Amino acid sequence: EAQVTQNPRYLITVTGKKLTVTCSQNMNHEYMSWYRQDPGLGLRQIYYSMNVEVTDKGDVPEGYKVSRKEKRNFPLILESPSPNQTSLYFCASSQTPTGPGQPQHFGDGTRLSIL
Amino acid sequence: AQTVTQSQPEMSVQEAETVTLSCTYDTSENNYYLFWYKQPPSRQMILVIRQEAYKQQNATENRFSVNFQKAAKSFSLKISDSQLGDTAMYFCAFRPYFGNEKLTFGTGTRLTIIP
């Protein structure tokens, strides 16, 4: 089954304690992306990757890091989490080039609470 | 930069009735894609329907259809014969044809179907 898998689904942690949210896709997609969802703001892109070893900032990258060492994995790293990073996070992937407009496949979301 | 506006934060409709969710966007691009995503209480992001800007014909998927007005930069979603399972948050999203395949989302419309 084609899917994007995020872990963990839920996490409560404290300010300053480094954490990683993993994302893995089994569709051999080149493009992967992270979004955060906040009430009243919709989803906003944090980082994206066009292929292995190619990453770039989205609209709200401050406080986050990513890496793309393998095609299937795109972890999101919070080196020193702060309460303003409490949010619902989504990983997404799609085939490129855009061409026929392949839709993005989303993971099931990770609810992060930073105390 | 693109912006997407959903002016109806909440809507409710009786089961079996028809409801229309509005979406407007702003862009200088000529080629792009527009999407409606559904987010039920399970938090999953589910693609409902998509429209290519270069196609004049409005997209249709079963009970879901769009009214795409390119000159007016309007992209509304019509749900016919609404069902209880349609209760969800609905997001309108824009994606450029080339480059970063970032989805720019609106702030969402929370739709409740009343039995």
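Relevant structure appears above.
None of the values given here were measured: they were computed from a predicted structure.

Engineer: Sorry, what's going on with the overall build of chain B here?
Structural biologist: In terms of helices and strands, chain B carries zero helices and 12 strands. In chain B, which comprises 115 residues, the proportion classed as buried is 51%. The long-range share in chain B, meaning contacts at least 24 apart out of those at least 6 apart in sequence, stands at 55%. Side-chain charges of chain B comprise 11 positive and 10 negative groups, with the mean position of each set lying 5 Å from the other.

Engineer: Help me understand the overall build of chain A, please; the structure alone is not making it clear to me.
Structural biologist: Each helix and strand counted, chain A has zero helices and 11 strands in total. Taken over C-alpha atoms, the radius of gyration comes to 14 Å for chain A, in line with the 13 Å a tight globule of 115 residues would show. Each of the three principal axes of chain A carries a C-alpha extent, and together these read 40 × 30 × 30 Å. Each of the 115 residues in chain A was classed as buried or not, and the buried ones make up 51%. When contacts within chain A are restricted to residue pairs at least 6 apart in sequence, those whose partners lie at least 24 apart make up 54%.

Engineer: Explain the interface of chain B and chain A to me, please; I cannot follow it from the model alone.
Structural biologist: Quoted interface sizes are often the accessible area lost when the parts come together. With 23 residues of chain B in contact, the opposing surface of chain A contributes 31 residues. For the pairing of chain B and chain A, the buried interface totals around 2,100 Å² over both sides, and the portion due to carbon and sulfur atoms is 45%. Between Lys102 of chain B and Asp59 of chain A there is a salt bridge whose closest N-O contact spans 2.9 Å. At the boundary of chain B and chain A, one finds six residue pairs in polar contact (both at pLDDT 80 or more). Residue assignment for the side of chain B that touches chain A shows that the elements contributing at least two residues are β5 (32-39), β6 (46-52) and β10 (88-96) of chain B. With four residues, the top contributor of residues to the side of chain B that touches chain A is β5 of chain B.

Engineer: Explanation requested: the pairing of strand β12 (residues 109-114) of chain B in the structure shown.
Structural biologist: The side chains of a regular strand alternate, residue by residue, between the two faces of the sheet. All names here are of chain B. Along β12, the buried face is formed by Thr109, Leu111 and Ile113; none of Arg110, Thr112 and Ile114, which line the opposite face, is buried. Two elements, β10 and β12, share three bridges in a ladder whose sense is antiparallel. In the sheet register, Ala88 faces β12, and the bridge partner there is Leu111.

Engineer: Any chance you could explain the sheet that holds strand β8 (residues 76-78) of chain A here in plain terms?
Structural biologist: Whether parallel or antiparallel, the strands of a sheet pair through hydrogen bonds between backbone atoms. Residues and elements named next belong to chain A. With antiparallel pairing, four strands are arranged side by side in an open sheet as β1-β3-β8-β7. The sheet is open, and its two edges are formed by β1 (4-7) and β7 (65-66), each paired on a single side. With four bridges connecting them, β1 and strand β3 (residues 19-25) associate as antiparallel partners. Across the sheet, residue Val4 finds its bridge partner in β3, namely Gln25.

Engineer: I tried to follow the pairing of strand β11 (residues 110-114) of chain A on my own but got confused; where do I start?
Structural biologist: All names here are of chain A. Judged by which residues are buried, β11 turns out to be one-sided: Thr110, Leu112 and Ile114 face inward and are buried, whereas Arg111 and Ser113, on the alternate face, are not. Bridging between strand β2 (residues 10-13) and β11 involves four bridges; their strand directions are parallel. Following the sheet pairing, Thr13 is matched in β11 by Ile114. Sheet topology places strand β9 (residues 87-94) next to β11; three bridges connect them, and they run antiparallel.

Engineer: Would you mind going over the nonpolar core with me for this structure?
Structural biologist: One broad trend across soluble globular proteins is that nonpolar side chains are buried collectively. Ranked by size, the top nonpolar core spans 25 residues in total, and within it Tyr25, Trp36, Phe75, Leu77, Tyr90 and Leu111 of chain B carry the most contacts. Among the elements of the structure, β3 (19-21), β5, β6, β8 (64-69), β9 (74-79), β10 and β12 of chain B are those that each provide at least two residues to this core. Broken down by element, this core gets its largest block of residues, four residues, from β10 of chain B. Of all hydrophobic cores here, the second largest spans 19 residues; its members include Val60, Leu76, Leu78 and Cys91 of chain A.

Conventions adopted
- Residues numbered from 1 in each chain as written.
- Chains lettered and ligands numbered in written order.
- Predicted model: local features only at pLDDT ≥ 70, side-chain atom pairs only at ≥ 80, totals over all residues.
- Heavy atoms only, no water.
- Helix = DSSP H or I, 4+ residues; strand = E, 2+ residues; numbered from the N terminus.
- Buried < 20%, exposed > 50% of the residue type's maximum accessible area, 1.4 Å probe, protein only.
- Contact = heavy atoms within 4.5 Å.
- Lys, Arg positive; Asp, Glu negative; His and termini not counted.
- Charge placed at Lys NZ, Arg CZ, Asp CG, Glu CD.
- Rg over C-alpha atoms; globule rule 2.2 N^0.38 Å.
- Buried area = accessible area lost by both parts, 1.4 Å probe.
- Salt bridge = Lys/Arg side-chain N within 4 Å of Asp/Glu carboxyl O.
- Polar contact = N/O pair within 3.5 Å; in protein donor to acceptor, adjacent residues only side chain to side chain.
- Pairing = 2+ DSSP bridges.
- Core = buried A, V, L, I, M, F, W, Y, C linked by side-chain atoms within 4.5 Å.

Note that every value here comes from positions in space, so none of it alone points to a role or purpose.
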